[in-house]
Amino acid sequence: MRFIADVMLGRLARWMRFLGFDTLYFNNITDSRLLRIAREQNRFILTRDTLLARKKGNKYCLLITANDSLQQLMEVIEKLALKRFNLLTRCVVCNGRLIRISTKNEIKNFVPEFIYLNYNFFMKCDDCGKIYWEGSHPKQFKEKIKEILK
């Protein structure tokens, strides 16, 4: 499944990306453009906008009622019965695909020295170039996800 989140769901979009879902997000987009992109790219709309959710011809739209981003994530997972997740395969910033760095030397000048010396597994966003490593944030996210999926 591919998604597009409305302007009120930026944090949810990041969580969806962390789980491996192709999720577009624009912090400034009109409803008509959002609908057009969803139709053209066959994307499911995630929204908090009741008017947008009720628009005629908008059958692939999920109205999110929770306020907290983790609760919103649980709502999406439950209502759409999502079961397959590919953690750390998408950039949480831009939605690009993450590719594994084959040799540490490729990123030596792009991460802090401590990170370079203490970690061996790195990934890089194919679009924006952001570098990821298995530090404390991914571990914390994985623990939260396990808790949510219980």
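Since this is a predicted model, take the numbers as computed values, not measurements. (Residues numbered from 1 in each chain as written. Predicted model: local features only at pLDDT ≥ 70, side-chain atom pairs only at ≥ 80, totals over all residues. Heavy atoms only, no water.)

S.K.: Explain helix α2 (residues 31-41) here, please?
M.R.: Owing to its 3.6 residues per turn, the α-helix brings residues three or four apart onto one side. Taken together, the buried positions of α2 are Leu34, Leu35, Ile37 and Ala38. An end-on view of α2 places all buried positions within 165 degrees of arc, on one side of the element. Turned more than 90 degrees away from the buried face of α2, the exposed residues are Ser32, Arg39 and Glu40. Among the structural elements, β1 (2-5), β2 (22-25), β3 (44-47) and α3 (50-54) are those in contact with the buried residues of α2. (Buried < 20%, exposed > 50% of the residue type's maximum accessible area, 1.4 Å probe, protein only. Helix = DSSP H or I, 4+ residues; strand = E, 2+ residues; numbered from the N terminus. Arc of directions from axis to C-beta. Contact = heavy atoms within 4.5 Å.)

S.K.: Any chance you could explain the sheet that holds β2 here in plain terms?
M.R.: Pairing between the strands of a sheet is mediated by backbone hydrogen bonds and can be parallel or antiparallel. Strands sit in the order β2-β1-β3-β4 across an open sheet of four strands; the sheet is parallel. The strands lining the two open edges of the sheet, one partner per strand, are β2 and β4 (61-63). Averaged over all pairs of adjacent strands, the angle between their axes in this sheet comes to 25 degrees, without regard to strand direction. Of the strand pairs in this sheet, β1 and β3 are connected by three bridges, and their pairing is parallel. Each residue of the ladder has a partner; that of Phe3, found in β3, is Phe44. Against the sheet, α2 touches β1, β2 and β3, its axis set at about 175 degrees to β1. (Pairing = 2+ DSSP bridges. Axes fitted to C-alpha atoms, helices over the stretch in contact; angles between N-to-C directions.)

S.K.: Please clarify how the side chain of Glu75 should be interpreted in this entry.
M.R.: Along the chain, Glu75 turns up in helix α4 (residues 69-79). Discounting chain neighbours no more than four positions away, the residues touching Glu75 are Leu63, Ile64, Thr65 and Ala66.

S.K.: What's the story with the environment of Arg43 in this structure? I'm lost.
M.R.: Inspection of the secondary structure assignment puts Arg43 in the loop between α2 and β3. The buried category is assigned to Arg43, whose relative accessible area is 6%. A sequence separation of 43 residues divides Arg43 from Asn86, and the C-alpha atoms of the two residues are 18 Å apart. Residues in contact with Arg43, not counting those within four places in the same chain, are Arg2, Phe3, Ile4, Asp22, Thr23, Leu24, Ile37, Ala38 and Tyr60. A distance of 3.0 Å separates the side chain of Arg43 from the side chain of Asp22, its partner in a polar contact. (Polar contact = N/O pair within 3.5 Å; in protein donor to acceptor, adjacent residues only side chain to side chain.)

S.K.: What exactly am I supposed to notice about the sheet that holds strand β7 (residues 131-133) here?
M.R.: Ordered in space as β5-β6-β7, the three strands form an open sheet in which the pairing is antiparallel. This sheet does not close on itself; its edge strands, each paired only once, are β5 (98-100) and β7. Averaged over neighbouring strand pairs, the angle between their axes works out to 30 degrees when direction is ignored. One ladder, built from three bridges, connects strand β6 (residues 122-125) with β7; its direction is antiparallel. Bridge pairing in β7 places Met123 opposite Tyr132.

S.K.: For this particular structure, what's the right way to read the pairing of β6?
M.R.: Residues in a regular strand project their side chains so that they alternate between the two faces of the sheet. In this structure, β5 lies alongside β6, joined through three bridges in antiparallel fashion. Within the sheet, the bridge partner assigned to Ile99 lies in β6 and is Lys124.

S.K.: Looking at this structure, how should I read the environment of Leu12?
M.R.: Along the chain, Leu12 falls in helix α1 (residues 10-18). On the basis of relative accessibility, which here comes to 0%, the residue Leu12 falls in the buried class. C-alpha separation for the pair Leu12 and Thr50, spaced 38 residues apart in sequence, amounts to 17 Å. Look past the residues within four positions of Leu12 in its chain and what remains in contact with it is Leu46, Ile64, Ser69, Gln72, Leu73 and Val76.

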